[in-house]
Amino acid sequence: MSSVSFTLNDGTIVPGIGFGTGTALFGKDCAGQVKQAIDAGFVHLDGAQAYNNEESLSEGIKLSGKPRSELFIVTKLRPGALAEHVKPAFDASLKKLGVDFVDLFLVHCPIAMKAGDPQPDLPEVWHEVEAIHAQGLAKSIGVSNFRIPHLQAILPTAKVIPSVNQLEIHPYVWKTVEPIVKFGVENGNITAASYGGLTPIVRAAGGPLDPVLATVAERLTKEFGKPVSTGQVLSKWVLQKKIILVTTSSKEERLREYLQTAELPDLTEAEIAEIDTVGAKLHKRVFMKHVFDDTDPQ
Ligand SMILES: NC(=O)C1=CN([C@@H]2O[C@H](COP(=O)(O)OP(=O)(O)OC[C@H]3O[C@@H](n4cnc5c(N)ncnc54)[C@H](O)[C@@H]3O)[C@@H](O)[C@H]2O)C=CC1
Ligand SMILES: O=CCc1c[nH]c2ccccc12
C-alpha cells in the first residue's frame, strides 16, 4: 500500500498514489490491470465516465477481493455534460462501478470537447455535483482541468469548495500550472492531483531535464542502496509539492516501483529548484490542449 497520503479540505484522507484507468486503458477492459494494481498495493483507483470502462474497473475490484472499505474509488463526469446530465450520468456510473458511493467525483473538464458543442454552465453543473455530495453518494467532490477562471466561476456560489483539481502536472508544464495550483491552495485549500507526471521521460525524452533527472537518480540510488529510476525522481518531485500522483502501468514491476516512491529519501530543495528551472526551458503539454493552449507559452 502507498504509505503517502493527503488530507483534503473536507477532512478526507486520500492515498497519495493512484492507479489510472484512462490513457492506455481508455475504452479497454481494464479488469486484469486493476486487479494487478490492487494486488501490487494500489487502493486509489482513478476512473472516468469518458474512459468507457467503469464496468471492467468494477470487475477488477471484484477479482481482487479487496473490501470496498479499503479502496478509494474516483470517477469523473463526462466532458461536455450539462447540468441536467450530471445526476443521470452519475447514477449510471454507480451502477457500472457496482458501488453505492464513490470516494471522489470530479468534473472532468470545464468546457465541451468540441468547438460548437453547447458549453456547460459551470456554477449549475457544480450545484448538481454538490447535491450528489449532500446525498452522501460522493464522499468528496472536485474538478479536473480547471484553470483559474473556471475556479473563479464556481467559487462565489459554491456551498462546497472543490477538494481536488486534477491537472496535467510535470516539470515541462509547471511554469504555467503552478499559478493554478497556488490559486487552489489559497482559495479553499484545494489539493492538486497530477496526471501525465512521467511525461518528461515517457513523452518528451531527450529534453533538457534528462541529465538533471539522471544525476538526482544516481544520488538517490547511492543513498537508498537500491536502484532509483528517473521516473521515481519525477514522482517524488510531484509528491514533495504536496500533489497527489495519478499514474498507470500494465507492468507489475513498474506498479511496485511507483508505490516504492513514497519510501525514497527526499529530493533536496536545491534539486527541486533545479528541476523547476530546467523544466521551464521546455513547454510540453500532452492532454486537454483545447482547455489550456490559449494561455500557454509556445
Ligand atoms: N483528468 C484528466 O484529464 C486526465 C487524467 N488522467 C489519469 O491519469 C492516469 C495516468 O495517466 P498517464 O498520463 O498515462 O500517466 P503517466 O504520465 O504516469 O504515464 C504512465 C505511462 O508511462 C509508462 N512508463 C512509466 N515508466 C516508464 C519508463 N521508465 N519508461 C517508459 N515508459 C514508462 C507507463 O507504462 C505508462 O504507460 C490515467 O490513466 C488517467 O486515470 C490522464 C490523462 C488526463
Ligand atoms: O482523462 C484524460 C484522458 C482521456 C482519455 N480519453 C478521454 C476522453 C475524453 C476526455 C479525456 C480523455
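Computed from a prediction, not measured in an experiment: that's the story for all the values here. (Residues numbered from 1 in each chain as written. Chains lettered and ligands numbered in written order. Predicted model: local features only at pLDDT ≥ 70, side-chain atom pairs only at ≥ 80, totals over all residues. Heavy atoms only, no water.)

## What about helix α3 (residues 83–97)?
With 15 residues, α3 ought to run about 21 Å at 1.5 Å a step, and its terminal C-alpha atoms sit 22 Å apart, in line with that. Residues of α3 that are buried: A83, V86, A89, F90, S93, L94 and L97. The buried residues of α3 occupy one face: seen down the axis, they fall within an arc of 145°. Across from the buried face of α3, at angles greater than 90 degrees, the exposed residues are E84 and K95. Of the surrounding elements, those touching the buried residues of α3 are α2 (54–64), β5 (72–77), β6 (102–107), α4 (122–134) and β7 (138–144). Trailing α3 by a residue or two, G98 shows a phi angle of about 65°, which is positive. (Helix = DSSP H or I, 4+ residues; strand = E, 2+ residues; numbered from the N terminus. Expected span 1.5 Å × (residues − 1). Buried < 20%, exposed > 50% of the residue type's maximum accessible area, 1.4 Å probe, protein only. Arc of directions from axis to C-beta. Contact = heavy atoms within 4.5 Å.)

## A closer look at the sheet that holds β6
An order of β3-β4-β5-β6-β7-β8-β9-β10 is seen for the eight strands of this closed barrel, with the pairing classed as parallel. Strand-to-strand twist of the sheet, defined as the mean angle between neighbouring strand axes without regard to direction, takes the value 30°. Pairing between strand β9 (residues 191–195) and strand β10 (residues 244–247): two bridges, direction parallel. For S194, the partnering residue across the bridge sits in β10 and is L245. In the packing of α4 onto the sheet, contacts are made with β5, β6 and β7, and the angle to β7 comes to roughly 160°. (Pairing = 2+ DSSP bridges. Axes fitted to C-alpha atoms, helices over the stretch in contact; angles between N-to-C directions.)

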